[in-house]
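Coordinate inspection notes
Residues per chain, in single letters:
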Amino acid sequence: MKKLLIANRGEIAVRIIRTAREMGIATVAVVSEADEFAYVAEVADEVIVIGPPPAGLSYLNHESVLRAAADTGADAVHPGYGFLSENAEFARKVIAAGLIWVGPAPESIELMGDKSRARRAAQDAGVPTLPGTQSALSDDDDVPSIAAQIGYPLVVKASAGGGGKGIRLVKSAESLLETIEIARAEAQAAFNSSEVYLEKFITHARHVEVQILGDGIDFVHLGDRDCSMQRQQQKILEEAPAPNLPDEIRKRIRDTSVELVRKAHYVGVGTIEFLYDPTTQEAAFIEMNTRIQVEHTVTEAITGIDMIREQLRIASGEKLGFTQNDIVFTGSALEFRINAEDPANKFMPSPGTIDVLTLPGGLGVRSDFGFTAGKSVAPYYDSLLGKIIVWAPTRQAAIRRSERALSEVDIQGIKTTTGLLRKLVSLADFENVKHHTKYIESDVDLIGGAK
Amino acid sequence: MDIISPLPGVFYRKPGPDKEPYVKEGDTVAAGQTIGLVEIMKQFSEVRAESAGVLLEFKIDDFGIVNPGDVVAVME
């Protein structure tokens, strides 16, 4: 790999370029007309404008991205997260063009992108799953009796869904068939597939996930994370390792996750997501993400492994080169997502020019941002400005250090989620791990009054 | 009464890529009827006609960029 094209924007594009530079790989940033003067355009070796601001005409445009690769002589494409990162068709086009695709095989993307097939693959590997249908519902299924067996409340999930999209809750038998019909119509509209399946619903669940890494032959896990602090199924505060997880559960989800990717001959980084019910102490598979994730940084903090470096190495055809015993977990890390949103006004997106951007420093504090002071936040894309990652030898020390680090943050000109994050990290319920995926929405003080 | 977008973002005339447009030029629209969407940072807001009338002309194309206060469509 000599020259890497990054088919993404914002903080993850900057993050990828940093590692590529350390490895002596030249970089090409593709940008929309709205991002021509973005920070990434300053740090990349080459910059190519690939289209107008709407993502559909630029970052999601297969032909424009591939043309930029051809024009610049890039020999590899890193898709980052979101955008084209889990698009098997695009992956095939990259490979067909003779380029290195920094990601798993298109077949792996398709397998895990189909939620009911992924669930079956998980079961085959011994990964714990929730009670539910084995595969998508068919017309001959006796749906009410299947639902009664699973028990209420349950959720109807779109097979082609993911990332919290395409899920509907059914509280009792009365609304079952009607909800399935709506879910089918929604799934058809959003994902062009009306396949849905049923799964038991956990009322107060935590979100835990296992990071895996493999070269198609050898596989390791890089431990687990907890991403339970969410708003509308969007993560905003993540940590590693997952706190208060019984040893046997931790071991089971880690080992079976490795087994899942071994059976799939998986290549690259991947995340197996679980719901964990603290009451019954049971974990169950949700889905697998076949890309680098926003929160990979907390795993890097506790393992010392540069995951982008591993992606680039393995995509180039190198062997994994280490075993599970070589991986040492040290301390505890938290990640805070700073979004351009106004928590005091229903999290309304807040585009505009960043007048002041003061980020924290000190031991164990890392800031990964796609912006610098004076840059504009365009209204066209995701609201993530950047992330602050804090490491300390213990979770409690990491919380205290995070409070200190967040107090140093000063961003002016646009509204951000910084104030909400300061509140969240100082909650006794967070320190005591009493939070869950609906915690933020269930506390009016947090969504109403955060400054 | 022209229809104005209060938000910046991308204007869509259809609810989805494979869908029919909400309204066509020359259509009669009711007060409160949705005539398009504005996407700002992945959040979608409906653009509605404030009063009933005939929608004469769109001033912003499908996938066009809008700024706050821009006229999206001209009404009669």
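For clarity, every value in this text was computed on a predicted model and none was experimentally measured. (Residues numbered from 1 in each chain as written. Chains lettered and ligands numbered in written order. Predicted model: local features only at pLDDT ≥ 70, side-chain atom pairs only at ≥ 80, totals over all residues. Heavy atoms only, no water.)

**Examining the packing of aromatic side chains**
Residues and elements named next belong to chain A.
- Applying the stated criterion across every chain, the model contains seven aromatic pairs over all chains.
- Ring geometry for Tyr59 against Phe83: centres 5.2 Å apart, planes inclined by 20°, an arrangement best described as stacked. Of this pair, Tyr59 sits in the loop between strand E3 (46-51) and helix H3 (62-72) while Phe83 sits in the loop between strand E4 (76-78) and helix H4 (88-96), placing them 24 residues apart in sequence.
- Between Tyr380 and Tyr381 the ring centres are 5.9 Å apart and the planes differ by 70°, which places this aromatic pair in the edge-to-face class.
- In this structure, Arg254 packs its charged tip against the face of Phe329, placed 4.8 Å from the ring centre. (Phe/Tyr/Trp six-rings, centres within 6.5 Å; stacked < 30°, edge-to-face > 60°. Helix = DSSP H or I, 4+ residues; strand = E, 2+ residues; numbered from the N terminus. Lys NZ or Arg CZ within 6 Å of the ring centre and 35° of its normal.)

**Some details on the pattern of salt bridges**
Residues and elements named next belong to chain A.
- Overall, the coordinates contain 39 salt bridges over all chains when judged by the stated rule.
- For the salt bridge of Asp35 with Arg9, the shortest nitrogen-to-oxygen distance reads 2.6 Å. Linking Asp35 in the loop between strand E2 (26-32) and helix H2 (39-43) with Arg9 in the loop between strand E1 (3-6) and helix H1 (10-22), this pair joins segments that are 26 residues apart in sequence. For the pair Asp35 and Arg9, one class covers both residues: buried.
- The salt bridge involving Asp224 is made with Arg254; its shortest N-O contact spans 2.8 Å. Of the two residues, Asp224 sits in strand E10 (residues 219-231) while Arg254 sits in helix H9 (residues 247-263), which places them 30 residues apart along the sequence. The residues Asp224 and Arg254 share a single accessibility class, namely buried.
- Because the salt bridges share partners, they merge into one network encompassing Glu209, Arg225, Lys235, Glu238, Glu273, Glu295 and Arg337. (Salt bridge = Lys/Arg side-chain N within 4 Å of Asp/Glu carboxyl O. Buried < 20%, exposed > 50% of the residue type's maximum accessible area, 1.4 Å probe, protein only.)

**Section: a negative patch on the surface**
Residue and element names in this part refer to chain A.
- Together, Asp139, Asp140, Asp141 and Asp142 make up a region of like negative charge exposed at the surface.
- Along the chain, Asp141 turns up in the loop between helix H6 (115-124) and helix H7 (143-150).
- Since its relative accessible area comes to 30%, Asp141 is described here as partly exposed. (Patch = residues over 30% accessible without salt bridge, like charges linked within 9 Å, V, L, I, M, F, W, Y side chains within 5 Å. Areas by Shrake-Rupley, 256 points an atom, 1.4 Å probe, with all protein chains shown as cover. Lys, Arg positive; Asp, Glu negative; His and termini not counted. Charge placed at Lys NZ, Arg CZ, Asp CG, Glu CD.)

**Overview of unusual backbone geometry**
All names here are of chain A.
- At the junction of Tyr152 and Pro153, the peptide bond is cis and its omega measures out at -5° in the coordinates.
- Inspection of the secondary structure puts Pro153 in the loop between H7 and strand E6 (154-162).
- Even without glycine at this site, Gln233 takes up a positive phi of about 65°.
- With respect to the element layout, Gln233 can be found in the loop between E10 and strand E11 (234-240).
- Within the chain, Phe347 stands out as a residue other than glycine whose phi angle is a positive 60°.
- As for its position among the elements, Phe347 is in the loop between strand E15 (341-342) and strand E16 (348-349).

**A word on the nonpolar core**
- Core analysis: the biggest nonpolar cluster contains 52 residues, and Leu385 and Leu424 of chain A together with Phe11 and Ile35 of chain B have the highest contact counts within it.
- Other than its neighbours up to four places away in sequence, Leu385 of chain A contacts Glu11, Ile338, Asn339, Ala340, Ile354, Phe369, Gly370, Phe371, Val377, Ile414 and Thr416 of chain A.
- Ile6, Ala55, Ile308 and Leu312 of chain A belong to the second largest nonpolar core, which has 42 residues in total. (Core = buried A, V, L, I, M, F, W, Y, C linked by side-chain atoms within 4.5 Å. Contact = heavy atoms within 4.5 Å.)

**Considering the domain arrangement of chain A**
Residue and element names in this part refer to chain A.
- You can read the domains of chain A as domain 1 (3-102), domain 2 (131-200) and domain 3 (206-449).
- Distance from the C-alpha centre of domain 1 to the C-alpha centre of domain 3: 23 Å.
- Across the contact, 34 residues belong to domain 1 and 32 residues belong to domain 3.
- Between domain 1 and domain 3, a total of about 2,400 Å² is buried, with carbon and sulfur atoms accounting for 60% of that surface.
- Viewed at the interface, domain 3 and domain 1 are joined by five salt bridges.
- In this structure, Arg15 engages Glu300 in a salt bridge whose closest nitrogen and oxygen atoms are separated by 2.7 Å.
- Where domain 1 touches domain 3, the interface holds 12 residue pairs in polar contact (both at pLDDT 80 or more).
- Only H1, H2 and strand E5 (100-101) provide two or more residues apiece to the side of domain 1 that touches domain 3. (Domains from an automatic or database assignment. Buried area = accessible area lost by both parts, 1.4 Å probe. Polar contact = N/O pair within 3.5 Å; in protein donor to acceptor, adjacent residues only side chain to side chain.)

**Quick look at the sheet that holds strand E3 (residues 28-29) of chain B**
- If you walk across this open sheet you meet the four strands as E1-E8-E6-E3 (chain B), and the pairing is antiparallel. Both outer strands of the open sheet, strand E1 (3-4) and E3 of chain B, are each paired with one neighbouring strand and no more. (Pairing = 2+ DSSP bridges.)

**Examining the sheet that holds strand E7 (residues 64-66) of chain B**
Residue and element names in this part refer to chain B.
- Overall, antiparallel pairing links the four strands, which are arranged E5-E4-E2-E7 in an open sheet. Two strands in the sheet have a free side with no partner beyond their single neighbour: strand E5 (43-48) and E7. Adjacent strand axes in the sheet meet at a mean angle of 35° when their direction is disregarded.
- Looking at chain direction, strand E2 (residues 9-12) and E7 are connected through three bridges and run antiparallel. Bridge pairing in E7 links Val10 to Ile65. (Axes fitted to C-alpha atoms, helices over the stretch in contact; angles between N-to-C directions.)

**Things to note about the packing of helix H12 (residues 395-408) of chain A against helix H13 (residues 418-425) of chain A**
Residue and element names in this part refer to chain A.
- The geometry of H12 relative to H13 is characterised by a closest axis approach of 10 Å and an angle of 160° between their N-to-C directions. As judged from the angle between their axes, H12 and H13 are roughly antiparallel. The crossing of H12 and H13 is left-handed. Note on element contacts: H13 touches H12 through Thr418, Leu421, Arg422 and Val425, opposite Ile399, Ser402, Glu403, Leu406 and Ser407. (Parallel < 35°, antiparallel > 145°, perpendicular 65-115°, else oblique. Left-handed = near helix turned anticlockwise from the far one by under 90°.)

**A closer look at H12 of chain A**
Residues and elements named next belong to chain A.
- For H12, with 14 residues, the first-to-last C-alpha span of 20 Å sits near the 20 Å given by 1.5 Å per residue.
- Residues of H12 that are buried: Arg395, Ala398, Ile399, Arg401, Ser402, Ala405 and Leu406.
- Its buried side turned inward, H12 meets E11, strand E14 (332-339), strand E19 (365-369), strand E21 (384-392), H13 and helix H14 (428-431). (Expected span 1.5 Å × (residues − 1).)

**Observations concerning the pairing of strand E9 (residues 206-215) of chain A**
Residue and element names in this part refer to chain A.
- Across the 10 residues that make up E9, a large majority, 10, are buried.
- Going residue by residue along E9, you find Arg206, Val208, Val210, Ile212 and Gly214 tucked away on one face and His207, Glu209, Gln211, Leu213 and Asp215 tucked away on the opposite face as well.
- Sheet analysis places E9 next to strand E12 (residues 267-277), joined by 10 bridges and oriented antiparallel. What sits directly across from Val208, in E12, is Phe274.
- Sheet topology note: the E9/E10 ladder contains six bridges and is antiparallel. Note on E10: the bridge partner recorded for Leu213 is Val220.

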